[in-house]
Structures are given as C-alpha cells and as structure tokens.
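Examining the three-dimensional arrangement
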Amino acid sequence: MILAKVVGNLWATRKDEKLNGLKLMVCQRRLQEEVYDDKLIVAADNAGAGVGDHVLITTGSSARISFARDNIPADMVIVGIIDKVDFAE
Amino acid sequence: MILAKVVGNLWATRKDEKLNGLKLMVCQRRLQEEVYDDKLIVAADNAGAGVGDHVLITTGSSARISFARDNIPADMVIVGIIDKVDFAE
Amino acid sequence: MILAKVVGNLWATRKDEKLNGLKLMVCQRRLQEEVYDDKLIVAADNAGAGVGDHVLITTGSSARISFARDNIPADMVIVGIIDKVDFAE
Amino acid sequence: MILAKVVGNLWATRKDEKLNGLKLMVCQRRLQEEVYDDKLIVAADNAGAGVGDHVLITTGSSARISFARDNIPADMVIVGIIDKVDFAE
Amino acid sequence: MILAKVVGNLWATRKDEKLNGLKLMVCQRRLQEEVYDDKLIVAADNAGAGVGDHVLITTGSSARISFARDNIPADMVIVGIIDKVDFAE
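Now for a quick tour of the structure.

Reading the values: the criteria
Residues numbered from 1 in each chain as written. Chains lettered and ligands numbered in written order. Predicted model: local features only at pLDDT ≥ 70, side-chain atom pairs only at ≥ 80, totals over all residues. Heavy atoms only, no water. Contact = heavy atoms within 4.5 Å. Buried area = accessible area lost by both parts, 1.4 Å probe. Salt bridge = Lys/Arg side-chain N within 4 Å of Asp/Glu carboxyl O. Helix = DSSP H or I, 4+ residues; strand = E, 2+ residues; numbered from the N terminus. Nonpolar A, V, L, I, M, F, W, Y, C, P; charged D, E, K, R; others polar. Pairing = 2+ DSSP bridges. Core = buried A, V, L, I, M, F, W, Y, C linked by side-chain atoms within 4.5 Å. Buried < 20%, exposed > 50% of the residue type's maximum accessible area, 1.4 Å probe, protein only. Polar contact = N/O pair within 3.5 Å; in protein donor to acceptor, adjacent residues only side chain to side chain. Phe/Tyr/Trp six-rings, centres within 6.5 Å; stacked < 30°, edge-to-face > 60°. Lys NZ or Arg CZ within 6 Å of the ring centre and 35° of its normal.

**Looking at the arrangement of the chains**
With respect to C-alpha atoms, chain A approaches chain C no nearer than 10 Å, and the pair has no contact. A minimum C-alpha distance of 10 Å separates chain B and chain D, which share no contact.

**A look at the interface of chain D and chain E**
Counting residues at the interface gives 27 residues for chain D and 32 residues for chain E. Approximately 2,400 Å² of surface area, both sides summed, lies buried where chain D meets chain E, with 53% of it carried by carbon and sulfur atoms. For the pair chain D and chain E, the number of links is zero salt bridges. Looking at the side of chain D that touches chain E, the elements with two or more residues in it are strand 3 (24-32), strand 5 (54-59), helix 1 (61-64), strand 6 (76-81) and strand 7 (84-87) of chain D. Taken together, the residues that form the side of chain D that touches chain E break down as 13 nonpolar, nine polar and five charged. Judged from the four bridges that link them, strand 7 of chain D and strand 1 (residues 2-11) of chain E form a sheet pairing that is antiparallel. Bridge pairing in strand 1 of chain E links D:Asp86 to E:Asn9.

**Examining the nonpolar core**
Burial of nonpolar side chains together is a common tendency in soluble globular proteins. A:Leu10, B:Leu10, C:Leu10, D:Leu10 and E:Leu10 are the most contacted members of the largest nonpolar core, which has 105 residues in total. Once residues within four sequence positions are removed from consideration, D:Leu10 is found in contact with A:Leu3, A:Leu56, A:Ile82, A:Lys84, A:Val85, D:Leu24, D:Val26 and D:Val42.

**With respect to the interface of chain B and chain C**
Each side of the interface is counted separately: chain B has 32 residues, and chain C has 27 residues. For the pair chain B and chain C, the two sides together bury roughly 2,400 Å², of which 53% comes from carbon and sulfur. Among the residues chain B hides against chain C, the three largest losses belong to B:Trp11, B:Arg14 and B:Leu40. Together they make up 26% of the total. Put simply, chain B and chain C have zero salt bridges between them. Where chain B touches chain C, the interface holds 19 residue pairs in polar contact (both at pLDDT 80 or more). The biggest single contributor to the side of chain B that touches chain C is strand 4 (residues 35-45) of chain B, with seven residues. For the side of chain B that touches chain C, the class distribution of residues is 17 nonpolar, six polar and nine charged. Relative to strand 6 (residues 76-81) of chain C, strand 2 (residues 14-15) of chain B is paired through two bridges, and the arrangement is antiparallel. Each residue of the ladder has a partner; that of B:Lys15, found in strand 6 of chain C, is C:Gly80.

**Quick word on the packing of aromatic side chains**
Scanning all chains against the criterion turns up zero aromatic pairs over all chains. The ring of A:Tyr36 carries A:Lys5 above its face, with NZ or CZ at 6.0 Å from the centroid.

Structural data, given as structure tokens:
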C-alpha cells in the first residue's frame, strides 16, 4: 500500500455508473515524512476521508475488494485514515 | 486512478476481435494542473470521450470490469469525463 | 495499453509448456512519435505481428485473457497491429 | 517480489474492517546490498516481522492470497523474513 | 514479461508455507543487451534456472498461474531460460 495526502475532490458527471455515489479524491503520494510525489492520483474513498487527511491507499484488484460490491472499476481505494506512523529510532 | 488528456485516436484493423467496436484513445497522463507526462498511453473509452477531453482512467483488472463483458483485453479504460478538480486552498 | 515496436524474437527451449507455440517478441515501448523507451520488454503475440511492426500491448491479467485459454503465464500480449495514430492538431 | 526493510509501524483506527488485526508495517524497498529506495511503502505482515527485519514482500493480487481469507484489501504483504541472500561471486 | 539475469539465491526459513519448496532467486532485470537494472528483484523459479542464467520473468497474477497450484503468493516467476534473443538488423 502507499501513504498519501488528500489534496482535492474530483467531479465527473459523465462516468461509469458503477462509480456513482463514491467520493473520488485527488491525492498525492507521501514518499517520506514531509516529501510528496507531485504526480496526482485519484482514489475512491472507503474510509470517510476528507481533504487534508493522511490516508492509506490500496491499489490494483486488491483495492476494489475493499467495497462490498466487487465490480467497482476503481484501481485505487482509500482503505484507512492514518493516526500515526512510528519509526523505530 | 489517473487523470489524463485525450490527445488522439488509434486505428488497428488487425487486432483481437474482443476489442472490436471500442474506441482506442491515445492519452497523456496529467501529472499536475498543467503538467503532462510525455509517455503516450492508450485507453479504451467507456465514457463517450473525445480528443481534448480531460478524463479519469482506471488501470489493471479493475479497468476491464467497467465493461459489461469482462473478457475485454484492455488494461486502461476511460471511466469518466472530468468536470472539475477542486483543490483545497 | 502501451504502444511499442517489435525489435526481435526470443527463443527459450526450457520454458513453461503453457507458453509453447506462442511467439515471444522483444519490444520497446514507444513513448512518443519517434521516441522509444530503451528498456526491453517481451510480449506474447496474439495479432500476427512481425519484427518492425508497431503494435498495441496490453499488460497484466487483462493481457492473458486475450488468448482463448486463460491459463497462459504471460503478462504482456500484443493485441493489435497499429495502422495509424492520429493526433488532433 | 521485492526485498525490503521494516522501518516502522502504521496505526489507523478508521480503516476497512477487513484489515483489522493485521500489523501494517512501513517499509523501504532494498534496491541493493545497502541501498534503499526512499519511497515509503506499507505492507501487511504475514510472517511475524518486526521493525528492523529484512523481509520479502509480494505485491498485487498474489499478495492477498497469502492470507487464508482472500478478501483482504492489501496489495503488499510480507511473506517471509530473510535469513540470507547469497550472490554468486 | 521482462528479461533478467539470476544473480543469487534467497533463503527465508520463516515464510508463508505456500512458498515452501520453491527456489527464490534474486535477479536483475536486463534492460538492454549488456545493461542491467540495479534494483534487485526476487522471482520464484519454475524453469529450473540457476545463478548466471538469463531468464524470462512473468509478473503479477499471470505469474502465479505458471504453477499448478494457483494459490502461491508469488508475483514474479521465472517461466523460461533464454537460449537466444535475435534482433533484426
């Protein structure tokens, strides 16, 4: 999985209806403590995330099985909101 | 998922017949607001996209389940046409 | 999917027998009009491609379902031979 | 698969319940003997790993089948703790 | 698929038992004729490969179906030992 920060929302009226009702959140992958990848990615939210949240994203087929219905055409899903990352000293 | 811009069409008469009837669109991934990846990618359209449109692309096995028939050998599918991306200030 | 050019053939007598009978073609991904990625990739042919052809490659699990038998251990398959790519002016 | 070093733990109270009970470990991919990729990754532990351990990580759908239940939305799983890597001289 | 060279063996006593009995081989991807990627990768052998061999590696879910049992948590499998790669002049 990857660490990421939610930086925005994406709106798309004309889309696959199987995505209807899902929040599509624009994110940037967190590479290190305060270093972010500048390539935007989009993840469907399944943890109640909001803009500014630090989140855990699962990718690929493992992502879509986070949802009850597994025919959702999403390859990135927010599966958790991060409380803390602790690094061994 | 990734953000992308449709930049062209691809024509291939000799191809897997399971791709017949699909529009194969040449795209460039949108990395940031006005920054695009120059590596060309090809996505099957499932949202009625046209050249110049800003689109949402799903990749991998999650992509092909966007279609009713799931035996389509496509690993990138346009699943939405983007209205707006809003970034929190 | 990705665009690529077939640059060679690969021969492997000792291989998974489920690959027997398939042409394994060495390719280079086409990044832009005349710009190629120098990292070699290998794709199983399912479109009748030959060396020098410009082809469309599907990757991942979506690739292997291009074949009638879906237990083929190939993660890149040539699914089309490109006639033309037209870019909007 | 990839080689990695466990560098920390991740805590997320609000997460997909199918991840409950799993240790989510922050890792850095080991590129060479003593060279690590600085991009953080997160893997679910299925080998009893601890911080500081050198581990083997499987990615994608092959990762989640390491668990008895295959509906776990994890795309990286620690499947082994490395004793030794021996390179032919 | 990718071309690679086997550069070593990996030993892991504490691992997913579904990996038991498999040779886990450390490899480097071959990018061009004599150019190798320095990022180490690990592939399960299914072609009788040895250190020094030039091999063909399949990745992702297509990799694990190379084995008779398809519940093997491996995302890279050696599916062939390369005799020859011939590039059109």
